[in-house]
Amino acid sequence: MTNAKAEKTSAAISTLNIKEEGKLFCSSIGFYGDLDGIVMLIFPVEIAHQACALLLGEENPNEEDTLDTIAEFVNIIGGRVKAILSAN
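Asks: I would appreciate a short explanation of the packing of aromatic side chains in the present structure.
Replies: Aromatic ring pairs: the centre-centre distance and the angle between the two ring planes describe each pair. Evaluated as defined, the whole model comprises 1 aromatic pair. Judged by centre distance (6.2 Å) and plane angle (20°), the ring pair of Phe43 and Phe73 falls under stacked. Of the two residues, Phe43 is situated in strand S2 (residues 37-44) and Phe73 in helix H2 (residues 63-87); the sequence distance between them amounts to 30 residues. Taking relative accessible area as the criterion, Phe43 reaches 15% and is therefore assigned buried.

See below:
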């Protein structure tokens, strides 16, 4: 848009402080290229199980199915975020 050229000069690591005290499920996806970023979703276990149950139509999904479901969630959301940011 502005014809300005951006150059990455260094990488940074940030600490993520989570206040939740219960068990959490997390999934993340990174994207790299013209635009670099990471999308991370963190759920309390009960919310993750409920979301999985709704998506799969199962009353009591197991932990593996729940983790697979939130991984797919972050994949879909990350792809959409990248598409939106790349379009601007």
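Resuming the write-up.
Asks: Whenever I open this one, the pattern of salt bridges confuses me. Can you help?
Replies: Two side chains of opposite charge can pair, provided their charged atoms sit close to one another. As enumerated under the stated definition, the model contains 1 salt bridge in all. The residue Glu63 makes a salt bridge to Lys23 at a minimum N-O spacing of 3.2 Å. Of the two residues, Glu63 is situated in helix H2 and Lys23 in the segment before strand S1 (24-31); the sequence distance between them amounts to 40 residues. A residue is classified by how much of its surface remains accessible, and Glu63, at 40% relative accessible area, is partly exposed.

Asks: Before we go on, may I ask you to explain a nonpolar patch on the surface in this structure?
Replies: A grouping of Leu16, Ile18, Tyr32, Ile38, Met40 and Ile42 is seen on the molecular surface, where their side chains present a nonpolar patch of about 610 Å² in accessible area. Mapped onto the elements of the fold, Met40 is located in strand S2. A relative accessible area of 40% places Met40 in the partly exposed class.

The rules we used
Residues numbered from 1 in each chain as written. Predicted model: local features only at pLDDT ≥ 70, side-chain atom pairs only at ≥ 80, totals over all residues. Heavy atoms only, no water. Phe/Tyr/Trp six-rings, centres within 6.5 Å; stacked < 30°, edge-to-face > 60°. Helix = DSSP H or I, 4+ residues; strand = E, 2+ residues; numbered from the N terminus. Buried < 20%, exposed > 50% of the residue type's maximum accessible area, 1.4 Å probe, protein only. Salt bridge = Lys/Arg side-chain N within 4 Å of Asp/Glu carboxyl O. Patch = residues over 30% accessible without salt bridge, like charges linked within 9 Å, V, L, I, M, F, W, Y side chains within 5 Å. Areas by Shrake-Rupley, 256 points an atom, 1.4 Å probe, with all protein chains shown as cover.

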